[in-house]
Amino acid sequence: MPTIRHYNEKDREQVIQLWKTCKLTRPWNDPNKDLDRKKRVGEDLFIVLEFENKVIGTAMGGYDGHRGVINYLAISPNFQGNGFGKMLVEAVENKLKQMGCPKLNLLVRSDNVEVSRFYESIDYKKQDDVSVFGKRLILDN
């Protein structure tokens, strides 16, 4: 059975490979820089799912005192459909609740129907009353 634990630096290569396999990386986001940034702000909400000494899942949580967020939720394709994504989400939710976080927001790319269905299956609702705006502050490339 896979186990959940905190990310540590020895996981870096496996984590980045998993993100690439799950198509979570983008040319404008350097995953190494994202890992470095997370390390600077605290890794307590960054968890990995490990099976037989291999990282098969990740969830990078965050909390700003108002809302929580999950980024880089990934499960290796060979392990999808077994409830492991839900296990990681619930682990981050529980950590956020312990920190007093009242609500968790998620960003899902509009063309990622499969992931939208996953979140709906674990009781997340699309928020029709909000729009997402973004502005790049630091270019990774």
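Focus: the overall build of the protein
Secondary structure assignment for the protein yields four helices and five strands. Over its C-alpha atoms the protein spans a radius of gyration of 15 Å, differing by no more than 12% from the 14 Å that the globule rule assigns to 141 residues. Projected onto its principal axes, the C-alpha positions of the protein cover 45 × 35 × 30 Å. Residue burial in the protein is summarised as follows: out of 141 residues, 33% are buried. Only carbon and sulfur atoms are counted for the fraction: they give 50% of the accessible area of the protein, which is about 9400 Å².

Details of unusual backbone geometry
In this structure, Lys23 takes a positive phi of about 60 degrees despite not being glycine. Structurally, Lys23 is set in the loop between helix H1 (12-21) and helix H2 (31-41). Classification of Lys23 by relative accessible area gives exposed; the value is 63%. Phi at Asp123 takes a positive value of approximately 75 degrees, unusual for a residue other than glycine. Its place among the elements puts Asp123 in the segment after helix H4 (113-121).

Some details on the nonpolar core
With 19 residues, the main nonpolar core has Ala59, Ile70, Leu73, Leu88 and Val89 as its most contacted residues. Among the elements that take part in this core, helix H3 (residues 84-98) stands out by supplying six residues, more than any other. In this structure Leu73 touches Leu24, Thr58, Ala59, Gly85, Leu88, Val89, Phe118 and Tyr119, once residues within four positions along its chain are discounted.

Here is what the cut-offs are and how they apply
- Residues numbered from 1 in each chain as written.
- Predicted model: local features only at pLDDT ≥ 70, side-chain atom pairs only at ≥ 80, totals over all residues.
- Heavy atoms only, no water.
- Helix = DSSP H or I, 4+ residues; strand = E, 2+ residues; numbered from the N terminus.
- Rg over C-alpha atoms; globule rule 2.2 N^0.38 Å.
- Buried < 20%, exposed > 50% of the residue type's maximum accessible area, 1.4 Å probe, protein only.
- Areas by Shrake-Rupley, 256 points an atom, 1.4 Å probe, with all protein chains shown as cover.
- Core = buried A, V, L, I, M, F, W, Y, C linked by side-chain atoms within 4.5 Å.
- Contact = heavy atoms within 4.5 Å.

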